[in-house]
Amino acid sequence: MRRIGIDVGGTNTDAVLIEEGKVVRAVKAPTSEDVTTGILDSLKSLGSTGVLAGKRIDGVMIGTTHFINAVVQRRHLTKVAALRLGMPASASLPPFCDWPEDLAELVRGGVWMVEGGHEYDGRPFMPLDEAAVVKAAGEMKAKGLRSVAISSIFSPLDPSHEKRAAELVAAELPDAVITCSSDLGRIGLLERENAGLLNAALADLSRDTIAAFEKAIADSGIAAPLFITQNDGTVAEAHQARRLPVYSFASGATNSMRGAAYLSGLSDAMVVDVGGTTTDVGQLKHGFPREANSVVKVGGVRTLFRMPDLLSIGLGGGSHVSLDPIKVGPVSVGYRLLRDGIAFGGKQLTTTDVAIASGVLQLGDKAKVAYLDAASCQKVFTEAARLAEEAIDRMKTEAGDVPLIAVGGGAFLIPDKLPGVSQVIHVEHGDCANAVGAAIAQVSGECDQIFKDMIRTDAIAAAQGIANDRAVAAGADRKTLSTIESEDMPLAYLPGNSVRVRVRVVGDVAAT
Amino acid sequence: MTLRELSLDDIEALAVGAWVLGTGGGGNPYLPLLNMRALYRDGHRVQLMDSADLADDDWVGTVANMGAPLVGQERLTDSLTLARAVTAMERHLGRRFRALMSMEIGGANGVRPFMAAAHLDLPVVDSDTMGRAYPEAQMTSVAVGGLTPYPLTAVDVRGFESIVHKVPTWKWTERVARKICVEYGSVAATCQPPRTGAEVKKWGIHGTTTKAIAIGQAVREAQRKHDDPIAAILSVEPGKLLYKGKVLDVARRATEGFLRGVLRLDGLDDWRGSAMTINFQNEWIVAWRDDKPLAMTPDLICVLDSVSGEAVGSETVRYGQRVTVIALPPPAVFLSPRGLDHVGPRAFGYDIDFRSVFEA
């Protein structure tokens, strides 16, 4: 297995080559405005070391924050036609009803609500009003809308109305990009619909970005399939990622945690990723980040994305430092570190300056920070450790001591001993943990559904079968599938021993 | 007589405060709040009235949704359907209501009467029948008072209307209405058995909407100022801080149509090394500290997010959450021997004598 992992970050585009379970080479290139150039540069830089010569590459896995940034910055978004099946229910809360007004203005191309949808037990709620769907599609066409988000009541249980409506819309609008909310998972109409609307809003950006990635790989001369890393630490094939860009939203943080697991050989540990501005703390369970299971807001929109449960605090290598009284962060010099830090001739004292003064880092001009005495430096490290310790303790979910893996460029701020931590582990290539995480990503499948009149073990087995099939459909090798999450929850008030089961399986990418 | 028009800010606060008074159950008021925002945007306004301003022979409609919170996440709560439950009752009775009222102030049902009121142009009485949330129909002040347990209307958004015309007890009201609700798809908008002004004045739990708004305002104000929101709640309510900790485990099981289980917490700060477990049946029922009962129903046990101060529900509480447990004083009607029969620890199967954390 030989893979290239790429992380397109705000400052650098990192690339690593992994061969038979080892990091062969890691390189960095500046991220470019057009994305393609930065990726091409990093691939060229990797190629120039000779490690790729004459070798077959099994996959290029790219992690990117492109899509989430577009939503947060309100840029490159497509107008969306929202079609909801479920009338007469939920009429008082139409699509976009809980969006921030500025984002809704940009994205809302039109809203159509027609009869359809299902009950919690799979009975139809109302028959699908096909004539109304066709009429809506005609109106979408007249308005020039080409990206359609379809949602339906209880579609995670029975997606048939969404699928039928998608066929009818496609017949009227053959070039439309259609997102069905049932492809985005969970129970919770508004949140699932919101995910579908965001996904549809990213239709053009997704097409262009994936095309740019493909071009960069082709231009570099590497013949390998492209995969895009997902929020949950797995990858999707490029064609599927193009269809569901929202699943790539939080992949950067996930990749760094997965990379940390891989580089350290640990599958259950806390991970602290110290960047220039922020420190992210998360927890690895079975080699994957623990997911947030409540509502996650993206750009002000409530969703139920599969996102890692992370705590971010304002501590990093570029954090502002004041000595009396002692204060570290949350403000940071960010990407201006090599210009504004005192050791680099600037005026702002940062944690990196302190590390240089105390000999922890060999960088910049040590003479410029010689005025910092050992006691002051110690005070700064103690304060940084206190901030990190508090964040780590908040994210810990077990009482005993656990190992902690420290990655990222600012990992020097994490001391070797912390309360509640059995061991602090620093790893080689830890500064490229994101790209490593991308390179080793797997494929997943998930099932989240209500089962009725079934004994618990049968319900879990049924869910597992569905999740397995979904993983294989997404490109996994069936022989390598394993279940990494299984939880079941009996449902209050519902009759017939109803139980909601959520199962997630992962497997290696099938050889192509 | 004075009516007080609620501002949208009051309603935002009501949603936060009602969720706190939900004591773990009652459903998150988020969707009712979204409905209220939309109604206010469309120019609707709602009025709050004091129960003392009711005439003895006025009639008051008690509004609540019934059903599985999960179904409510797909079939979203709808203001017109709630209003229809009320008009169906008025038609059945052949009388008009003077005002509406909450059945339970705790959780989503604390906001729903206002959704109906916005369409019907009726005021909402500042009283309810639980002072919190409870899982069963006989766990109300009006049931403790032995008031008539019928009729009840249950409507569905598709136009179905059912009436529970006559039943002998509140347990039967619950049983028959629940059957209708399940057939509808496990969600129904209901107008509970009608009350006279005299009954509301005698048996209602008063000032609970105002109380929920005050709690919500305290939390929101503290969030804005980055103050401690839990201290803010305790500054407006005579509550008691019981515990701070982290969720270690939550075991859930559905029995007899309820979500039952145990929440286990590990202490933080002053409570380090001390364990708390809380039994729940939709709502938090008994909190045990180091295996001794510390707080129990009808005292309100509120589990709050330690950072935001907002309530944490028994359906959504999860591993690792930082929570603070406080107790709020119970409505006096539940402290009588008859009240304790309905909602004391034994009503939930715990063989312990009720002892309030507010005694001594």
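A.B. asks: Please clarify how the overall build of chain B should be interpreted in this entry.
C.D. replies: A count of helices and strands for chain B gives eleven helices and 17 strands. Taking 360 residues into account, the globule formula puts the C-alpha radius of gyration at 21 Å, and chain B, at 19 Å, falls close to it. Sorting the 360 residues of chain B into buried and exposed places 58% on the buried side. Here the contacts in chain B between residues at least 6 apart in sequence split such that 72% fall between residues at least 24 apart.

A.B. asks: Mind showing me how you'd approach the overall build of chain A here?
C.D. replies: If you tally the helices and strands in chain A, you get 14 helices and 25 strands. The C-alpha atoms of chain A give a radius of gyration of 24 Å, which matches the 24 Å a tight globule of 512 residues would have. Within chain A, buried positions represent 55% of all 512 residues. Counting contacts in chain A only where the partners sit at least 6 residues apart, residues at least 24 apart contribute 67% of the total.

A.B. asks: How should I be thinking about the pairing of strand 7 (residues 152-155) of chain B in this particular structure?
C.D. replies: Residue and element names in this part refer to chain B. Burial along strand 7 is two-sided: the face carrying Leu152 and Ala154 and the face carrying Thr153 and Val155 are both buried. Sheet topology note: the strand 7/strand 8 (residues 161-164) ladder contains four bridges and is antiparallel. Bridge pairing links valine 155 to glutamate 161 in strand 8. Hairpin remark: strand 7 followed by strand 8, antiparallel, with five residues in the connecting loop; positive phi at glycine 159, about 110 degrees. Pairing of strand 7 with strand 9 (residues 187-196) involves three bridges; the strand directions are antiparallel. In the strand pairing of strand 9, valine 155 is matched with alanine 189.

A.B. asks: So what exactly am I meant to see when it comes to the packing of helix 1 (residues 8-21) of chain B against helix 2 (residues 30-41) of chain B here?
C.D. replies: Helices that pack against each other are described as a pair by the angle of their axes relative to one another and the distance between those axes. Residue and element names in this part refer to chain B. Helix 2 packs onto helix 1 with a crossing angle of 175 degrees between their chain directions and a minimal axis gap of 10 Å. The angle between helix 1 and helix 2 falls in the class roughly antiparallel. Mapping the contact onto sequence places Leu8, Ile11, Glu12 and Ala15 in helix 1 and Leu33, Met36, Arg37 and Tyr40 in helix 2. Residue classes in the contact of helix 1 with helix 2 are distributed as six nonpolar, no polar and two charged.

A.B. asks: Sorry, what's going on with the domain arrangement of chain B here?
C.D. replies: Often, the extent of an interface is quoted as the loss of accessible area upon association of its parts. Residue and element names in this part refer to chain B. According to the domain assignment, chain B consists of domain 1 (3-206) and domain 2 (228-348). Taking only C-alpha atoms, the centre of domain 1 and the centre of domain 2 are 25 Å apart. Contacts between the two partners involve 21 residues from domain 1, matched on the other side by 24 residues from domain 2. Ranked by residues supplied to the side of domain 1 that touches domain 2, first place goes to helix 1 with four residues. Of the residues belonging to the side of domain 1 that touches domain 2, the class tally is twelve nonpolar, eight polar and one charged.

A.B. asks: What is the right way to read the environment of B:Ala108 from this model?
C.D. replies: All names here are of chain B. One can find alanine 108 in the loop between strand 4 (99-102) and helix 5 (112-120). Assessed through the 26 C-beta atoms surrounding it within 10 Å, alanine 108 is described here as buried. Leaving out residues up to four positions away in the same chain, alanine 108 has contacts with Gly26, Gly27, Asn28, Pro29, Leu31, Pro32, Asn65 and Thr77.

A.B. asks: Help me understand the sheet that holds strand 4 (residues 59-64) of chain A in this model?
C.D. replies: In a beta sheet, neighbouring strands are held together by backbone hydrogen bonds and run either parallel or antiparallel to one another. All names here are of chain A. Reading across the sheet, the six strands line up as 3-2-1-4-9-10 and stay open at both edges, with mixed pairing between neighbours. Strand pairing shows two members of the sheet lacking a second neighbour, strand 3 (22-30) and strand 10 (235-237), which therefore form its edges. Along the sheet, successive strands turn relative to each other by an average axial angle of 25 degrees, direction set aside. Sheet topology places strand 1 (residues 2-8) next to strand 2 (residues 12-19); seven bridges connect them, and they run antiparallel. Paired with isoleucine 6 across the bridge in strand 2 is alanine 15. Here helix 1 (residues 36-48) sits on the sheet and contacts strand 1, strand 2 and strand 3; the angle it forms with strand 3, its principal contact strand, is near 135 degrees. In the packing of helix 9 (residues 251-264) onto the sheet, contacts are made with strand 1, strand 4 and strand 9 (226-229), and the angle to strand 4 comes to roughly 125 degrees.

A.B. asks: Whenever I open this one, the sheet that holds strand 8 (residues 177-180) of chain A confuses me. Can you help?
C.D. replies: Residue and element names in this part refer to chain A. Spatially, four strands are ordered 6-5-7-8 in an open sheet, and the strand pairing comes out parallel. Pairing within the sheet leaves two strands with one partner each, and these edge strands are strand 6 (108-115) and strand 8. Strand after strand, the sheet turns through a mean of 20 degrees between neighbouring axes, direction not considered. Pairing of strand 5 (residues 80-87) with strand 6 involves seven bridges; the strand directions are parallel. From the neighbouring strand, valine 80 faces strand 6, where its bridge partner is arginine 108.

A.B. asks: I'm lost on the domain arrangement of chain A in this one. Help?
C.D. replies: Residue and element names in this part refer to chain A. What the domain assignment lists for chain A is domain 1 (1-73 + 203-249), domain 2 (80-201) and domain 3 (442-507). Centre-to-centre, using C-alpha coordinates, domain 1 lies 31 Å away from domain 3. Each side of the interface is counted separately: domain 1 has six residues, and domain 3 has six residues. The element best represented in the side of domain 1 that touches domain 3 is strand 10, accounting for three residues. The class makeup of the residues in the side of domain 1 that touches domain 3 is two nonpolar, two polar and two charged.

A.B. asks: Honestly, the environment of A:Met1 in this entry has me stumped. Any pointers?
C.D. replies: All names here are of chain A. Mapping methionine 1 onto the fold places it in the segment before strand 1. With 13 C-beta atoms counted inside 10 Å, the residue methionine 1 sits in the partly exposed group. Residues methionine 1 and isoleucine 39 lie 38 residues apart in sequence; the distance between their C-alpha atoms is 21 Å. Sequence-distant contacts of methionine 1, that is, excluding residues within four places in its chain, are made with Glu20 and Asp58.

A.B. asks: Sorry if this is basic, but what is going on with the pairing of strand 12 (residues 279-285) of chain A here?
C.D. replies: Two faces make up the sheet, and in a regular strand the side chains alternate between them. Residue and element names in this part refer to chain A. When you tally the buried positions in strand 12, you get six out of seven residues, the bulk of the element. Bridging between strand 11 (residues 269-274) and strand 12 involves six bridges; their strand directions are antiparallel. Paired with aspartate 273 across the bridge in strand 12 is aspartate 280. The antiparallel hairpin formed by strand 11 and strand 12 contains four residues in its connecting segment. In the sheet, strand 12 pairs with strand 18 (residues 311-313) via three bridges, with the strands oriented antiparallel.

A.B. asks: Help me understand helix 5 (residues 160-172) of chain A, please; the structure alone is not making it clear to me.
C.D. replies: With 13 residues, helix 5 of chain A extends 19 Å from end C-alpha to end C-alpha; this agrees with the ideal 18 Å at 1.5 Å per step. Residues of helix 5 of chain A that are buried make contact with strand 5, helix 4 (130-143), strand 7 (147-152) and strand 8 of chain A.

Cut-off values and rules
- Residues numbered from 1 in each chain as written.
- Chains lettered and ligands numbered in written order.
- Predicted model: local features only at pLDDT ≥ 70, side-chain atom pairs only at ≥ 80, totals over all residues.
- Helix = DSSP H or I, 4+ residues; strand = E, 2+ residues; numbered from the N terminus.
- Rg over C-alpha atoms; globule rule 2.2 N^0.38 Å.
- Buried ≥ 20, exposed ≤ 12 C-beta atoms within 10 Å, placed from the backbone.
- Contact = placed C-beta atoms within 7 Å.
- Pairing = 2+ DSSP bridges.
- Axes fitted to C-alpha atoms, helices over the stretch in contact; angles between N-to-C directions.
- Parallel < 35°, antiparallel > 145°, perpendicular 65-115°, else oblique.
- Nonpolar A, V, L, I, M, F, W, Y, C, P; charged D, E, K, R; others polar.
- Domains from an automatic or database assignment.
- Expected span 1.5 Å × (residues − 1).

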